[in-house]
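Read off the chains here:
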Amino acid sequence: MKSGLEDVVAAETVLSDVDGKNGRLIVRGVSLDDLVTSSRYEDVLELLFDGFFPMRGSVQPALGAARQEVFAHVAQTDPALVALPPVEGMRALLARLDDGDDLAAALRLVAAPSVFTTALLRLKAGLSPIAPDAGLPHAADVLRMMTGTMPSMQQVSALDRYLVTVADHGLNASTFAARVVASTQAGLTSSVLAALSALKGPLHGGAPGPVLDMLDAAATPANAPAWLESALANGERLMGFGHRVYRVRDPRADALKGAVRVLAGSGAIDPARLALAEAVEAAALDLLKRKKPDRPLDTNVEFYTALLLEALGFSREAFTCVFAMGRVGGWIAHAREQALDGRLIRPMSVYVGPMPQVAA
Ligand code: ACO
């Protein structure tokens, strides 16, 4: 029995393939390298949803309209909800959406993390939420709703690259949670809520905030090796390293490192910050190799996510919400695939507790 279900195949999917030995990710027949060079988030949605919903033409106008539709729920945000961590506030708002299973319901769910997160971040800062502009591409509107100003082309393409990179990734914990709920025919909102709850944990989508905490604590490139060594000696995990499936470098790390370098080139990232991150990464890889020689541990998607989202102006407590803005497309496609073709997911457990006393 493997309590983490590693090596257990629990679904057949046409959506994505994670090749952990060779460090490759394929989404519906397209390699991540190709996907990130030419795609916007809307293109990946069309790719993921094809065959699961009746797709007619570009998804961009319908997604813009869905952003406007879900924005109506922002008016019902109360102070207690604003006081919650952003991922919990966003989850509470998302729970108010209908549990449908058609394309309109799917697009409302895709829009929801973006619209609710940006509104909550503004409310937390004492600012008024900004209504969506249905005519804008999704990534541009997300940044505009957050800051109130039109983002630069570099910022939009960096966010698009992030959303595309994380849109789907095999049977990860949150996607599995979505499929389990979908297998009961509960509907898309229920599936996405389950997935979001799984994503929140620091071993999954909660890692990039702590990556920045780690950079802050390491403070300087020279101090990085000693700080990391003592963190590891204290039994801590180095955030942004290691993966259940990859035994080599996570290909998404390089896709995002490329975007981080472009942002640094445009002045959006302080060169000293990038140098610190690169020094921490090099020191961590060296240390993990020495201390865990039997377990290949390499950089995962979360390490450069942290730098990219920080440069785009997201606060670290909102990083998991931004992950959800991208991964929601994958969750929905997997939920539909499971609901349409799959059976109720109901594994077995082995009872290891006490047996009833037998009377003498
Ligand atoms: N730092 C230090 N040691 C680690 C790390 C790490 N980041 N990751 C794994 N290890 C060690 C474990 O301590 C364990 O050592 P041991 O055998 O001496 O006890 C060994 O490597 C195997 O670890 P497992 O927990 O069995 O590996 P698993 O496949 O369950 O872990 C996980 C994968 C959870 C991602 C892990 O590598 C980790 O905790 N990483 C840090 C958090 C992180 O970056 N999460 C984001 C992952 S990407 C994503 O979900 C989007």
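Residues numbered from 1 in each chain as written. Predicted model: local features only at pLDDT ≥ 70, side-chain atom pairs only at ≥ 80, totals over all residues. Heavy atoms only, no water.

Outline the overall build of the protein chain, supporting the account with residue identities and numerical values.
When helices and strands are tallied, the protein chain shows 16 helices and three strands. Taking 360 residues into account, the globule formula puts the C-alpha radius of gyration at 21 Å, and the protein chain, at 21 Å, falls close to it. For the protein chain, the C-alpha atoms occupy an extent of roughly 75 × 55 × 45 Å along the three principal directions. Look at the contacts in the protein chain between residues 6 or more apart in sequence, and 76% of them connect residues 24 or more apart. Looking at the protein chain as shown, the accessible area adds up to about 16,100 Å², and 55% of this sits on carbon and sulfur atoms. (Helix = DSSP H or I, 4+ residues; strand = E, 2+ residues; numbered from the N terminus. Rg over C-alpha atoms; globule rule 2.2 N^0.38 Å. Contact = heavy atoms within 4.5 Å. Areas by Shrake-Rupley, 256 points an atom, 1.4 Å probe, with all protein chains shown as cover.)

Can you explain the side chain of arginine 122? Please cite residues and give values.
Turning to its location among the elements, arginine 122 is positioned in helix α6 (residues 103–124). Here arginine 122 sits buried without a salt bridge, and the closest side chain of opposite charge, aspartate 141, lies 11 Å off (N-O distance). When near neighbours in sequence (up to four residues on either side) are disregarded, arginine 122 contacts Leu127, Ser128, Pro129, Ile130, Met145, Met146, Thr147 and Gly148. (Buried < 20%, exposed > 50% of the residue type's maximum accessible area, 1.4 Å probe, protein only. Lys, Arg positive; Asp, Glu negative; His and termini not counted. Salt bridge = Lys/Arg side-chain N within 4 Å of Asp/Glu carboxyl O.)

Please give an account of the environment of histidine 169 that cites residues and values.
When you line up the elements, histidine 169 lands in the loop between α8 (153–165) and α9 (173–182). Along the chain, histidine 169 and aspartate 213 lie 44 residues apart, while their C-alpha atoms are 26 Å from each other. At 2.7 Å, the side chain of histidine 169 forms a polar contact with the side chain of tyrosine 246. Polar side-chain contacts of histidine 169 include one of 3.4 Å to the side chain of arginine 252. (Polar contact = N/O pair within 3.5 Å; in protein donor to acceptor, adjacent residues only side chain to side chain.)

Describe the pattern of salt bridges, with residues and values.
Any two side chains of opposite charge can pair if their charged atoms end up close together. On inspection of all chains with the given rule, the structure shows 21 salt bridges. When the shortest N-O distance is used, the salt bridge between arginine 67 and aspartate 141 registers 2.8 Å. Pair noted here: arginine 67 is in helix α3 (residues 60–71) and aspartate 141 is in helix α7 (residues 138–147), with a separation of 74 residues, a long-range link. Taken individually, arginine 67 and aspartate 141 each receive the classification buried, so the pair is uniform in this respect. Linked through salt bridges whose partners overlap, the residues forming this network are Arg249, Asp254, Lys257, Arg261, Glu278, Glu281 and Asp298.

Explain the packing of helix α10 (residues 188–199) against helix α16 (residues 319–341) to me, using residue names and the numbers behind them.
Contact pair α10 / α16: the axes reach a minimum separation of 9 Å and the direction vectors enclose 135 degrees. In terms of orientation, α10 lies oblique with respect to α16. Our pair here, α10 against α16, has a crossing hand that is right-handed. Along its contact with α10, which presents Leu188, Ser191, Val192, Ala195, Leu196 and Leu199, the element α16 presents Thr320, Phe323, Ala324, Val328, Trp331, Ile332, Ala335 and Arg336. (Axes fitted to C-alpha atoms, helices over the stretch in contact; angles between N-to-C directions. Parallel < 35°, antiparallel > 145°, perpendicular 65-115°, else oblique. Left-handed = near helix turned anticlockwise from the far one by under 90°.)

Could you give me a rundown of the nonpolar core, with the residues and numbers involved?
In this structure, Phe49, Leu159, Tyr162, Phe314 and Ile332 are the most contacted members of the largest nonpolar core, which totals 112 residues. At 12 residues, α6 tops the list of elements feeding residues into this core. When neighbours within four sequence positions are excluded, phenylalanine 314 is seen to be in contact with Leu121, Val142, Leu143, Met146, Leu159, Leu309, Phe319, Val322 and Met325. (Core = buried A, V, L, I, M, F, W, Y, C linked by side-chain atoms within 4.5 Å.)

Give a description of a positive patch on the surface that names residues and reports values.
A cluster of basic residues, Arg237, Arg247, Lys292 and Arg295, forms a positive patch on the protein surface. Here arginine 295 is to be found in the loop between α14 (271–291) and α15 (301–311). (Patch = residues over 30% accessible without salt bridge, like charges linked within 9 Å, V, L, I, M, F, W, Y side chains within 5 Å. Charge placed at Lys NZ, Arg CZ, Asp CG, Glu CD.)

Explain α7 to me, using residue names and the numbers behind them.
For α7, the buried fraction is high: nine of the 10 residues fall into the buried class. Structurally, α7 contributes buried residues whose contacts are with α2 (41–49), α3, α6, α8 and α16. Immediately downstream of α7, the backbone of glycine 148 shows phi near 85 degrees, a positive value.

Explain the layout of surface pockets to me, using residue names and the numbers behind them.
Counted as a void, the largest pocket has a volume near 1,800 Å³. Where the lining of the largest pocket is concerned, the elements lending two or more residues are β1 (16–19), α9, α15 and α16. Tallied by class, the residues present in the lining of the largest pocket amount to 22 nonpolar, 15 polar and 12 charged. (1 Å grid on protein atoms, 1.4 Å probe; cavity = no way out; pocket = protein on both sides within 12 Å on 5 of 7 lines; lining within 4 Å. Points joined across faces, edges and corners; volume = space filled by probe spheres on them. Nonpolar A, V, L, I, M, F, W, Y, C, P; charged D, E, K, R; others polar.)

Hey, could you go over the side chain of glutamate 281 for me, with residue numbers and the actual values?
Checked against the element boundaries, glutamate 281 lands in helix α14. Glutamate 281 gets classed as buried once you look at its relative accessible area, which sits at 5%. Side-chain polar atoms of glutamate 281 contact the side chain of arginine 249, separated by 2.8 Å. With near-sequence residues (within four places) excluded, glutamate 281 lies in contact with Phe241, Arg249, Lys257, Thr299, Phe303 and Tyr304.

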